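Residues per chain are reported as follows:
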Amino acid sequence: MTEQLLAGPGWQELPLLLFALALVLVFFLVIRQNSKDYLEIEAWLAEEDLGR
């Protein structure tokens, strides 16, 4: 029983690993885009304040 638990991951876990990596990539891209949008909104608001 413990031999199976200590054994390295096999090819059966490969789809789960690929799904987890894809999920991490999506979260990274979403967070990066949100930070870019936030900076763009801040710059737009600063420009509006200067125009008054």
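Residues numbered from 1 in each chain as written. Predicted model: local features only at pLDDT ≥ 70, side-chain atom pairs only at ≥ 80, totals over all residues. Heavy atoms only, no water.

(A) Seen up close, the overall build of the chain. When helices and strands are counted, the chain shows two helices and zero strands. Carbon and sulfur atoms make up 71% of the accessible area of the chain, which amounts to about 5300 Å² in all. (Helix = DSSP H or I, 4+ residues; strand = E, 2+ residues; numbered from the N terminus. Areas by Shrake-Rupley, 256 points an atom, 1.4 Å probe, with all protein chains shown as cover.)

(B) The arrangement of a nonpolar patch on the surface in detail. On the surface, L16, F19, L23, F27 and I31 cluster together into a nonpolar patch covering about 560 Å² of accessible area. Along the chain, I31 falls in helix α2 (residues 14-50). The exposure class assigned to I31 is exposed, which follows from its relative accessible area of 58%. (Patch = residues over 30% accessible without salt bridge, like charges linked within 9 Å, V, L, I, M, F, W, Y side chains within 5 Å. Salt bridge = Lys/Arg side-chain N within 4 Å of Asp/Glu carboxyl O. Buried < 20%, exposed > 50% of the residue type's maximum accessible area, 1.4 Å probe, protein only.)

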